[in-house]
Amino acid sequence: MAAYKPVVVQACPKLGERITQDTLYWRGYKTPVQIKEFGAVNKIDFSPVPPYNYAVTASSRIHIYGRYSQEPIKTFSRFRDAAYCGTYRNDGRLLASGSEDGGIRLFDISGKAPLRQFEGHTKPVHVVGFLSDKYRIFSGGDDYSSNLWDIPSATEIVSYSEHTDYVRCGCASKVNADVFITGSYDHTVKLFDARTKTSVMTIEHGHPVESVLLFPSGGLLVSAGRGRYVKVWDVLKGGQLLVSLKNHHKTVTCLCLNSSGQRLLSGSLDRHVKIYSTTSYKVVHSFNYATSILSLALSPEDETIVVGMTNGVLNVKHRKPEEKNEKSQKKRQPTYRTYVKGRTYMPKQEDFCVSKPVKRVLRKYDKLLRSFQSSKALDAVLEPPIMLHTPEVTVAVMQELHRRGTLRSALAGRDEKQVNLLLTFVARRVIEPRFTSVLVTVADMITDIYQPVVGQSAIVDKQFLKLQEAIGKEIDYQEELLEVLGMMDTLFATFTKKRDTCLEESKSNGLTEIIETNRNY
Amino acid sequence: MVSPGALRVVRCGGSALRGARAVYLLCASGDFVKVYSVNTEETLRLMGGHADLVTGIQLNPHNHMQLYSSSLDGTIKLWDFMDGIPIKTFTVGSKLLALYTPATAEDSVFVVIPKKGERDTFQLVSVKLTKGAGQDLEAKELSVVLDGVGASMKHIAFGRDVAYVVSVKDVNLQVYFFKRKLLNRFSLSTMKTKGGDNHFSCVVCHPTEDCIATGHADGKIRLWRNFHHRKEYTYSTLHWHHDIVMDLAFSMEGTRLLSGGVESVVVQWHNESSCQKDFLPRLGSPIEYISMSSDGALCCTLHTDNRITIINSNLRFSRSIQGLIKSRDVKTGLVVDPRTKALVLNGEPGHLQFYSIQSDQQLFSLDIVQRQYIHQAGLKQSDLVKVAFSAQGTWLATVEESEEVTDPELQLKLWFYHEETQSFQLNTRINTPHDNHITDMCFRDMDELGDDSLILVTTGRDCVFKVWVMVEDTDPEAQQSVSWSCDFVGSYHNYQATNCCFSEDGSLLAVSFEEIVTVWDSLTWDLKCTFCHPPGNIRNICFGRLTCSKYLIGATDYGFLCCWNLLTCALEWSAHLNIVVLQPDPLSEHIAAVSWLSKESSLFVFKPNEPRPIYIQRNLCKEKILLAAFVPRDEPEVISSEKYLWLRKSQLFFLTDTQELMTLSTKSLEERLTPSSKQLAVEENLPVTPFSLLLGKHRRQQAQEDIDLGKPVVRNKQEQASPAVKELLHTPAHVLPSASFLCTIFINSLLISKENKSAEEVADEAEMESEKAEDDSDEEDVTEMEQEDTSHMELLGEMTCKLSKSQEKELRKIRKTDYSWISAF
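None of these values were measured; they are calculated from a predicted model. (Residues numbered from 1 in each chain as written. Chains lettered and ligands numbered in written order. Predicted model: local features only at pLDDT ≥ 70, side-chain atom pairs only at ≥ 80, totals over all residues. Heavy atoms only, no water.)

Trainee: What is the right way to read the overall build of chain A from this model?
Mentor: Across its full length, chain A carries 11 helices and 28 strands. Looking at chain A residue by residue over its 521 residues, the buried ones come to 47%. The contacts in chain A between residues at least 6 apart in sequence include a share of 46% that link residues at least 24 apart. Surface exposure of chain A reaches about 27,400 Å², of which carbon and sulfur atoms provide 54%. (Helix = DSSP H or I, 4+ residues; strand = E, 2+ residues; numbered from the N terminus. Buried < 20%, exposed > 50% of the residue type's maximum accessible area, 1.4 Å probe, protein only. Contact = heavy atoms within 4.5 Å. Areas by Shrake-Rupley, 256 points an atom, 1.4 Å probe, with all protein chains shown as cover.)

Trainee: Looking at this structure, I do not really get the overall build of chain B. What am I missing?
Mentor: Along its length, chain B carries eight helices and 57 strands. Scored against the burial criterion, the 825 residues of chain B give a buried share of 53%. Counted over contacts in chain B with a minimum sequence separation of 6, partners at least 24 positions apart contribute 46%. Accessible area for chain B stands at about 37,000 Å²; split by element, carbon and sulfur atoms hold 51% of it.

Trainee: Explanation requested: the side chain of Arg136(A) in the structure shown.
Mentor: Residues and elements named next belong to chain A. Looking at the element boundaries, Arg-136 is found in strand 11 (residues 136-141). Judged by relative accessible area, Arg-136 falls into the buried class, the value being 15%. A distance of 2.7 Å separates polar atoms of two side chains, one belonging to Arg-136 and the other to Asp-178. Contact partners of Arg-136, with chain neighbours within four places excluded, come to Gly-129, Phe-130, Leu-131, Leu-148, Trp-149, Asp-150, Ile-151, Ile-157, Ala-177, Asp-178 and Ala-194. (Polar contact = N/O pair within 3.5 Å; in protein donor to acceptor, adjacent residues only side chain to side chain.)

Trainee: Hey, could you run me through the sheet that holds strand 19 (residues 220-225) of chain A in this one?
Mentor: Within a sheet, adjacent strands bond to each other through the backbone by hydrogen bonds, running parallel or antiparallel. All names here are of chain A. Pairing is antiparallel across the open sheet formed by four strands, whose spatial order is 18-19-20-21. With one partner strand each, in any of the chains shown, strand 18 (209-214) and strand 21 (240-245) form the two edges of the open sheet. Ignoring which end each strand starts from, the neighbouring axes of this sheet average 20 degrees apart. Bridge count for strand 18 against strand 19 is five bridges, and the pairing is antiparallel. Residue pairing across strands places Ser-211 opposite Ala-224, the latter belonging to strand 19. (Pairing = 2+ DSSP bridges. Axes fitted to C-alpha atoms, helices over the stretch in contact; angles between N-to-C directions.)

Trainee: It is not clear to me how the packing of helix 8 (residues 416-429) of chain A against helix 10 (residues 458-495) of chain A should be interpreted in this structure. Could you clarify?
Mentor: Residue and element names in this part refer to chain A. At their nearest, the axes of helix 8 and helix 10 sit 9 Å apart, and the two run at 10 degrees to each other. With respect to helix 10, the axis of helix 8 lies roughly parallel. Counted together, Glu-416, Val-419, Asn-420, Leu-423, Thr-424, Val-426 and Ala-427 of helix 8 and Ile-459, Val-460, Gln-463, Phe-464, Lys-466, Leu-467 and Ala-470 of helix 10 form the full contact between these two elements. Taken together, the residues of the contact of helix 8 with helix 10 sort by class into nine nonpolar, three polar and two charged. (Parallel < 35°, antiparallel > 145°, perpendicular 65-115°, else oblique. Nonpolar A, V, L, I, M, F, W, Y, C, P; charged D, E, K, R; others polar.)

Trainee: I would appreciate a short explanation of the nonpolar core in the present structure.
Mentor: Grouped burial of nonpolar side chains is what soluble globular proteins tend to show. The biggest cluster of nonpolar side chains holds 41 residues, and the ones touching the most others in it are Leu378(A), Met398(A), Leu411(A), Val426(A), Leu439(A), Val442(A) and Ile446(A). Ranked by the residues each element gives to this core, the list is headed by helix 9 (residues 433-450) of chain A, at nine residues. Listed in part, the 28 residues of the second largest apolar core include Ala510(B), Cys542(B), Leu582(B) and Phe606(B). (Core = buried A, V, L, I, M, F, W, Y, C linked by side-chain atoms within 4.5 Å.)

Trainee: When you look at helix 8 of chain A in this model, what are you seeing that I'm missing?
Mentor: A turn of α-helix holds 3.6 residues, and therefore any two residues three or four places apart point the same way. Counted at 1.5 Å a residue, the expected span for helix 8 of chain A with its 14 residues is 20 Å, and the 20 Å between its end C-alpha atoms agrees. The secondary structure elements touched by the buried residues of helix 8 of chain A are helix 5 (384-389), helix 6 (391-404), helix 7 (407-411), helix 9 and helix 10 of chain A. (Expected span 1.5 Å × (residues − 1).)

Trainee: Looking at this structure, how should I read a negative patch on the surface?
Mentor: All names here are of chain A. Taken together, the side chains of Asp-476, Glu-479, Glu-480 and Glu-483 make up a negatively charged region of the molecular surface. By the element assignment, Asp-476 lies in helix 10. Relative accessible area serves as the criterion here: at 45%, Asp-476 is assigned to the partly exposed category. (Patch = residues over 30% accessible without salt bridge, like charges linked within 9 Å, V, L, I, M, F, W, Y side chains within 5 Å. Salt bridge = Lys/Arg side-chain N within 4 Å of Asp/Glu carboxyl O. Lys, Arg positive; Asp, Glu negative; His and termini not counted. Charge placed at Lys NZ, Arg CZ, Asp CG, Glu CD.)

Honestly, it's all geometry; don't read function into it.
What follows is the structure, given as structure tokens:
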């Protein structure tokens, strides 16, 4: 004996974006908080220690923001000109920054005045960073040189002038205290070892480099820049190109890894942030922003995404708290424990096992359909939550009723309010291709049934007019589409030779299908 | 020699009823009476002997081991159904349409026969069964009881203690009281119900009270009382069914009434009140008959799709017995599952049945449509129309469509065989793959290449054929790694595509467009050439195989069979034949073609390279053959005659328009029905008694010891403990010596002997060997068994329980007598 089979709800794959684990994860942010800065935000850096404040470098100031504060909790403004690249040390206590005048300043987080000033660059310094031993700073300037500084003595240790253009980005290795890289507008990324006098490795990016990034393991290097490419290099194999990604259509300005190291984020002047999987190097998600992006940072645990724009707007997104799950789990805990009792018990050989039949949970409309209560089943799926959020369920039940031959009687005998509800739904959804075939029959039946009472209720009449309007619009639209198709067909006909007739048909097929479905008006 | 033996007659005439202990289920099936075991659902016996449809079976009320059966050939047979032996045959003369054996009537049974001289009028007569010595007796003593009765056996019922008999026909109810010789007629007015049709459909009588229950065509059940009076009779109505009540049955005490109909729901009415009722819904297909066992513990329903469902007394589904399910229309064709070698065709509505030919059992039923089927007339519900398997059986493609002509709701589903769950799982579902009906579908059959080369082609009435390929999902986190999508759409001058077929190596695809066959390159999808041999649309096409792979065969509407040579692109030969079915053998070059000419089907078997057929069988059967399939044999059969060599590697099966499955066989019917399983079945069906428990324990213990000793014992042989014990258990009780004589021997045999030493053993074995030589002459089967067993014993060595020489001899004697007794029959 077969059990009752629930109504099959057609899962229609949504065109365009597909829902994956990643989309769900990256969508789990609240609506962004916008903070206006004084100029273009060129660097955002999160403090590596709690409470994870972040430093925002814009114009001639560095603002430190708390996690949820909208006002800066601290400001470093002792700059004569634009400040660049305010970067935390890995213990979160010191902050270094370059500036337009070529000086590098080192601040204590608690203090106001700079602790040290490193003078030596003759042109603006766009990149500074701490080496992982905490006592040295590297910098890159527009004077084509990359320098290494000693913090205690505030002196220059070594200066490499190997680049032939502005040095605009850099990154220090986390595993080796002597290794850092810099990327330059001369299309190269150079890897320096503080123990040697020259660069250890040169990687040809092929375009001016705007951002570089080293993976935490130090084995992989990511570079990005003007050419819209994001390139991943294997450092251990001597700088071999691993993969080249071209997903942006403007200069890529910033790169960032998420806290687990599984995802790579890139921001670009094309207003997009793309998120790549570091295993497959495929885009798994992307964010849209209002203006071109200059800088990007992700807090530990991916709690906050901060994006800086060219127009000085700082966009801060916080992760939605997942309190709901915790609460329900807490509630269930004791019952779960009793439920679990004896679960580990292994039946002995002479034990007689009685299996409990699994109780199947049916939806409300399925229960009603099982007992052939057509009208009530239709009522159940016309409830607003189902009707609004899962119209496919409503349509599936309508189709099932039609299949059983009881749709007409289920639609009949309804009052003004319910007819209004029905007509609203039909008028709204009838133009969706996946629902059209079913809803056209429904609309036919409704007009048939309620024809005698037209004119008695203003609301229902209005809905009928709306339905007419929706269908009229759709017909116009389809006619236009047909025209376009005709034009395309003539084009294809001129392109293709005689023997490729079938190719053309396969291409036009996608469009004809849509039209077929709507032809029965 | 070659006989079209009906493998299974699908129609289920007659009712099912049970043996006294509710252990056996008897069912009239076509010309046979089948005995099923209730516990294992296995067919224990097939009792054949009637020359025509068996119309009624009833237990002998005076001996519950005997069974009466009546048939359209005009005979009543008395059977011993335990052994499957016909005891007596009574020849009545005219067609027998129903049979009743009420308990009190001595030596006489009641049958329904057509009235002489009048068409469509039937009468209930009582037949005196003469007592005679011979097997074949004449029973000509007929006395008419009732005139103008219904032809179906559901239209007549006998009241309690056979005081009266009730017959219904159209809107009339007749009650005849035997004692008083009184006939009461009641009739319902046809105008009474608005639009409803209140004709009687069935009648049953209460077992203990004077009450008659009748079922009606409008779904009502009426309970009649007080029918002794012509005027003051009363009836009450029970109404649940929305369509005709097919059958009714009272429980043994009469407290419950079961009814069933088209809805395929068994309704149980308590105490004849309409408020208290229980349901057993969704039994799969309309109920035809309901029958209660005589102890009231079980009930069984017979369904229109050739299935028996057994139901517990508390209205729980217990088990079902099913062979080939009869579906309304076999649209899928006969397909052979490459994995199980089972025939695959439409089963229950929306299901695909896998039917094993070897065991005459349904292996499993795959739910394709996955929608609730509503048993109601006039509904257009989607059903399965096309099925295709890939070469290894890993992929299954199915097409379902609703019956609506104008706007068919089409779905193409692709199923992947999941090794772990051992079943097909849905991989891809494509809505409206074509804009119109799909006419044909095939996979590219390539054994040597991997799954990458798998291609599915569908042809549709929307004038295109589509090529579907597997696409690997690029997303690493996706659940499925592959899915199917359309790769190519081809058409030819806007003709409807009707058939498609891949060549054996998969390099060419032939698609027929109405009158034209097109051949496409399967790599580049270029049109290679076209063939046309007017007049007539192409009905079937297929490529030759093996040595004949350069030929393409096509059959047309106007009765032409054409063979084209693909190398020269020219017509090789053609023949004027109205071919209905064209089926290539997958394992040889042979192609079977079935033609339909003036009410008879003929079979032609030919090789494409020569226009002369190898084998012709005219007048294969009277029915139109719709479908055919070659089922590969497990091992090639030894066929001496050259004429039948084409049957060596595979067997040909046909399905006729009356849904009978037939095959061609070189063996006679008796040979094919292997009796080996019967003995086994009886043994398995032994009830659990203390004795069997003792024996089972003994065997298990023995098996355990074998394992403990770590000896290389073949597992399946362990069950046969000792040939003597087995013989003893298989010998009917009445030919055995007295129990007191056997007891000690038997008990001794069960003891584990410890002192058996090697010298003695060797001597024993030598003895056995010589005795075996004698046995060879009279019984072959047994010697085989013994040989197995001796080897077994050698392996077991001293731990085996063995009979002493004298005991062995004793039992052997017993066995010999046993077989001589059987040979007497």
